[in-house]
Amino acid sequence: MKSIFDTISFDCSRNVTKTYSTSFSSAVRMLAPGIRQDIYNIYGFVRFADEIVDSFHDYNKEELFDLFQLDLDAALKNKISLNPILNSFQHTVAKYNIPYELIAAFMKSMKLDLTKMTYTTQEEYNEYIYGSADVVGLMCLKVFVNGDNAKYDALKDAAMRLGSAFQKVNFLRDLKADFEGLNRTYFPETDLNQLNEASKNKIIQEIEADFNAGFEGIINLPLEAKFGVYTAYVYYKKLLYKLSKTPSAEIKNTRIRVPDYEKVGLFAKCYFSYKLNII
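I will try to describe carefully the structure that is included in this document.

Scoring rules and cut-offs
Residue numbering note: each chain is counted from 1, following its sequence as written. Residue-level local features of this predicted model are given only where pLDDT is at least 70; pairs of side-chain atoms are given and counted only at 80 or more, and the full residue set underlies all totals for whole chains, interfaces and linings. Excluding hydrogens and water, the side-chain figures rest on all heavy atoms present in the structure. Candidates for patches are residues over 30% relative accessible area with no salt bridge; among them, like charges are joined within 9 Å and nonpolar side chains (Val, Leu, Ile, Met, Phe, Trp, Tyr) within 5 Å. Areas reported here follow the Shrake-Rupley algorithm with a probe of radius 1.4 Å; residue values treat only the protein chains shown as occluding. Here a salt bridge means any side-chain nitrogen of Lys or Arg lying within 4 Å of a carboxyl oxygen belonging to Asp or Glu. Helix and strand assignments follow DSSP, with helices taken as H or I runs no shorter than four residues and strands as E runs no shorter than two, numbered in order from the N terminus. Side-chain rings of Phe, Tyr and Trp (the six-membered ring for Trp) are treated as a pair once their centres are within 6.5 Å; stacked means planes under 30 degrees apart, edge-to-face means over 60, and tilted covers the remaining angles. Exposure classes here rest on a 1.4 Å probe applied to the protein chains alone. A residue is buried below 20% of its type maximum, exposed above 50%, and partly exposed in between. Note on criteria: charge over ring means Lys NZ or Arg CZ within 6 Å of the ring centre, with the direction from the centre no more than 35 degrees off the ring normal. When checking whether two residues touch, look at their non-hydrogen atoms; a contact exists if any pair is within 4.5 Å.

1. Thoughts on a nonpolar patch on the surface
Here is step 1: Side chains of Phe56, Tyr59, Leu64, Leu67 and Leu70 sit close together on the surface and give an oily, nonpolar patch of about 490 Å² of accessible area.
Here is step 2: Note on placement: Tyr59 falls in the loop between helix H3 (33-55) and helix H4 (61-78).

Encoded structure:
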């Protein structure tokens, strides 16, 4: 039966999320049960595309990515895929009428990671951020508003800014891996060989502005989504705080983390803020 295959596909997307990101999967568990699986489905899709360009160094990444694109297009067209991750994703795309242009923008940015190593202008940087992060926020927002187009339009800009903030925090946290391991430089007009406090603080201020704009959207999200998104927001804000207190030279040589015991405290704080209607 198709339903059995769908169940296996959903389990695969959920397991991918839990395996690749314990922090994000914890935030997803704070969402209402009715929408959790669809966020797992979106995450599984974006994670697999990202893994192709970031991790499969011993294989022909261009060929693998092109095959993934073909399988994606076939899944969206046929409403089924033998790739369980894509089968899960197409289910969510069809269920919430996620526009193809969001998916295409994401795949475009992922494909850039195969060949483009440096972003020298703000325009290039913004375009990459839009495709790699903003549209993922918009896909999730489609799930959160569940067909309420007026709500979607009202929260669209905030969702994009929050997606940008999350991505930029990842860039700053992963400077060493991106710069030394993948030879990539995302931040424009920033010499990572000579990253100083002024350059670091400029990036942090930019991220803080994104967070502030994103928070305005969080407080207006449907109840089913608010607690989970707020939890992710608080976690990434904590990462940004740690990065702001880390000397620029150290950021280039280590990966800042939030220990498990701090995560527990953060999640508890989020719960009480939510229950007390502080958000």
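2. Looking at the packing of aromatic side chains
Here is step 1: A full pass over the atoms with the stated rule returns 18 aromatic pairs.
Here is step 2: A ring pair is formed by Tyr119 and Tyr128, whose centres lie 5.2 Å apart and whose planes are at 50°; its orientation type is tilted.
Here is step 3: Accessibility expressed as a relative area gives 2% for Tyr119, which makes it buried.
Here is step 4: Linked through ring pairs, Phe166, Phe211, Phe215, Tyr230, Tyr233, Tyr235 and Tyr236 together constitute an aromatic cluster.
Here is step 5: Taking NZ or CZ as reference, Lys116 lies 5.1 Å from the ring centre of Tyr119, over its face.
Here is step 6: Sitting over the face of the ring of Tyr152, Lys142 holds its NZ or CZ atom 4.3 Å from the ring centroid.

3. Overview of the side chain of Lys168
Here is step 1: Looking at the secondary structure, you find Lys168 in helix H8 (residues 149-173).
Here is step 2: Excluding residues within four positions of it along the chain, Lys168 makes contact with Tyr125, Ile129, Phe187, Glu206, Ile207 and Asp210.

4. Some remarks on the pattern of salt bridges
Here is step 1: A full pass over the atoms with the stated rule returns 14 salt bridges.
Here is step 2: For the salt bridge of Asp38 with Lys95, the shortest nitrogen-to-oxygen distance reads 3.2 Å. Of this pair, Asp38 sits in helix H3 while Lys95 sits in helix H5 (residues 84-96), and the two are 57 residues apart along the sequence.
Here is step 3: Classification of Lys95 as partly exposed rests on a relative accessible area of 47%.
Here is step 4: The closest approach of N and O atoms between Asp174 and Arg255, which form a salt bridge, is 2.8 Å. Separated by 81 residues along the polypeptide, Asp174 in the loop between H8 and helix H9 (175-181) and Arg255 in the loop between helix H12 (248-251) and helix H13 (260-275) bring together distant segments of the chain.

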